[in-house]
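Letter by letter, the chains look like this.
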Amino acid sequence: MFVSENLSVNENGHLTIGGIDTVSLAERYGTPLYVMDEQLIRKNLRRFHESMQKYYDGKGLVCYASKAFSCLEMCRIVASEGDGLDAVSIGELYTAVKAGFPMEKVGFHGNNKTDEELRFAVENGVGHIIVDNISELHRLEAIAKETGTKPHIMFRIKPGIDAHTHDFVKTGQIDSKFGFALETGEAFEAVKEAVSCENVNLAGLHCHIGSQIFDIAPFEEAARVMLGLIAKIKNELNYEIKELNLGGGFGIKYLNEHDPVPFENYLERVSKVVKSECAELGIAHPFILIEPGRSIAAPAGITLYTVGARKEIPNIRTYVSVDGGMCDNPRYALYKSEYEAIVANKADEERSEKVTIAGKCCESGDLIGENMPLQHAESGDIIAVCATGAYNYSMSSNYNRIPKPAVVFVNEGESRIAVKRETLDDIIRNDM
Ligand code: LLP
């Protein structure tokens, strides 16, 4: 009935998440409010790591991409499942360190890491640094020498795959700011150099072709291309690349018409390709890492808002304004991303209207969506926007000096605050 499996309707006609009444969550914690369902986060992580076990004999690691949603509690949950983490800034690394995350299971990304970030990663024993470009390799070499360490690195490769997704979230093609190009020979030259570096250990290769991808074929193709490079390195440089990181990007259901492949099928199909390709190329099966972000966090989350103004503009549209907007969810403004919305206190009623849900920011483009089917919404109603667990809180801002909402986790009938709501004093805390 709803896009995410953890949503339902209770006897009061209210929307529930993980069995908890969303209207009572809004009353208790206020709105706007991010709500995350811990059980679904755990279930999604297990879908990936159990299929790694089943289809690739457990010779791999699932590294949750924390850019999708990061806070101390999320890091603790991922750690307790035994999974790894992908971090892309010193802030995400710091969150992991403070959560007590096992840092040897962390991969550090970024196309423009600073020396401070590299040093922080090395000093905190980050498991892999995914090197993006040659100047980073040189800077990391120097830092490793200075600190007497020998970090494990991977190279980020652009495999030249078109992932059929939004241009802003495509990353595998040659015209991308991320990684070393394959077609031009840049990647192979860099590998040649890294192999002879004394202070880093080139353990693996990495690729990430994009995000919100529904088709498994581009992932299979990326695996083939990457294994081809591993074979070339073995044959021409006599060097064994032992690890292959295939990134994230698995699509999820934002609307009922979306039909993503079950996450379990991804590793079933990709493992098959890896095994047959390795046999053909005469190389050993690499240790496989994957980095799902959205697919773990998005379906587990919703955002709750309170409706304020309603404006009916005859023959044009009806605006339903909520107490949040692009400051807590910039994805419609950025990508025209579509969402399912439900009036949480009328969840058992028909969605009888199509409306534009607008935010409260001083910006016409501040919309949660247009043409959204919705129950008749009036001032004081609670609106739930579904599948907002990824790239919402993590991309939120204080535009218009609006404090960020709280994040509440629900689990087994209980709710708890994981991130406090920002206060007005938080808004001015760094002002002099
Ligand atoms: N690994 C790497 C190297 C990545 O760059 C990303 C996402 C992931 C893993 C996780 O991808 P996922 O499984 O979440 O698709 N802000 C955009 C998404 C940007 C994704 C950036 N990289 C959005 O809201 O759609």
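Residues numbered from 1 in each chain as written. Predicted model: local features only at pLDDT ≥ 70, side-chain atom pairs only at ≥ 80, totals over all residues. Heavy atoms only, no water.

Q: What should I look at first to understand the site of the ligand in this one?
A: Looking at the ligand, there are 19 residues lining it, with S211, E291, R294, R331 and Y391 nearest. Contact between the ligand and K67: an oxygen atom at 3.4 Å from a side-chain N or O atom of the residue. In the environment of the ligand, a nitrogen atom lies 3.3 Å from a nitrogen or oxygen atom belonging to the side chain of D86. Look at the ligand: alone it shows 580 Å² of surface, and the protein chains cover 90% of it. (Near = heavy atom within 4 Å. Polar contact = N/O pair within 3.5 Å; in protein donor to acceptor, adjacent residues only side chain to side chain. Areas by Shrake-Rupley, 256 points an atom, 1.4 Å probe, with all protein chains shown as cover.)

Q: Would you explain the domain arrangement of the protein chain in this entry?
A: Much of the literature gives interface size as the accessible area that the parts lose upon coming together. Split by domain assignment, the protein chain resolves into domain 1 (7–37 + 298–427) and domain 2 (109–292). Once you take the C-alpha centre of each, domain 1 and domain 2 turn out to be 36 Å apart. Contacts between the two partners involve 9 residues from domain 1, matched on the other side by 8 residues from domain 2. Taking both partners together, domain 1 and domain 2 bury about 790 Å²; carbon and sulfur atoms supply 63% of that area. (Domains from an automatic or database assignment. Contact = heavy atoms within 4.5 Å. Buried area = accessible area lost by both parts, 1.4 Å probe.)

Q: Looking at this model, I keep getting lost on helix α8 (residues 217–237). Mind explaining?
A: Quick reminder: α-helices carry 3.6 residues per turn. Residues three or four places apart thus point the same way. Taking 1.5 Å of rise per residue, the 21 residues of α8 would be expected to cover 30 Å, and the 30 Å separating its terminal C-alpha atoms lies within 8% of that figure. Looking at α8, one finds that the buried residues are P218, F219, E220, A222, A223, M226, L227, L229, I230, A231 and I233. Its buried side turned inward, α8 meets β9 (152–158), α7 (186–195), β11 (201–206), β12 (243–245) and α9 (263–281). Following α8 by one or two positions, N238 has its phi on the positive side, about 55°. (Helix = DSSP H or I, 4+ residues; strand = E, 2+ residues; numbered from the N terminus. Expected span 1.5 Å × (residues − 1). Buried < 20%, exposed > 50% of the residue type's maximum accessible area, 1.4 Å probe, protein only.)

Q: Please explain the pattern of salt bridges as it appears in this structure.
A: A full pass over the atoms with the stated rule returns 24 salt bridges. E81 serves as the salt-bridge partner of R42, at 2.7 Å between the closest nitrogen and oxygen. Of this pair, R42 sits in helix α2 (residues 38–56) while E81 sits in the loop between α3 (72–80) and β6 (84–87), placing them 39 residues apart in sequence. Comparing R42 with E81, the two get one shared label, buried. The partner of D381 in a salt bridge is K346, with the nearest N and O atoms 2.7 Å apart. With a gap of 35 residues between them, D381 in the loop between β18 (367–374) and β19 (382–386) and K346 in the loop between β16 (341–343) and β17 (353–358) connect regions that are remote in the sequence. Like K346, D381 is buried. Among the charged side chains, a network of salt bridges with common partners joins E38, R42, R46, E73, R76, E81 and R416. (Salt bridge = Lys/Arg side-chain N within 4 Å of Asp/Glu carboxyl O.)

Q: I keep staring at the side chain of E422 and nothing clicks. Help me out?
A: Among the secondary structure elements, E422 is positioned in the loop between β21 (414–419) and α12 (424–427). Buried E422, no salt bridge; nearest opposite-charge side chain is R429, N-O distance 4.7 Å. A polar contact of 2.8 Å, which involves the side chain of E422, links it to the side chain of N398. Among residues more than four places away in sequence, those in contact with E422 are N398, P403, K404 and I427. (Lys, Arg positive; Asp, Glu negative; His and termini not counted.)

Q: I keep staring at the sheet that holds strand β1 (residues 7–9) and nothing clicks. Help me out?
A: Strand pairing in a sheet is mediated by backbone hydrogen bonds. Such pairs are either parallel or antiparallel. Judged by pairing direction, the sheet is antiparallel, and its 3 strands sit side by side in the order β1-β2-β3 without closing on themselves. On the outer flanks of this sheet lie β1 and β3 (20–21), each paired with one strand and no other. Sheet topology note: the strand β2 (residues 15–17)/β3 ladder contains 2 bridges and is antiparallel. From the neighbouring strand, T16 faces β3, where its bridge partner is D21. (Pairing = 2+ DSSP bridges.)

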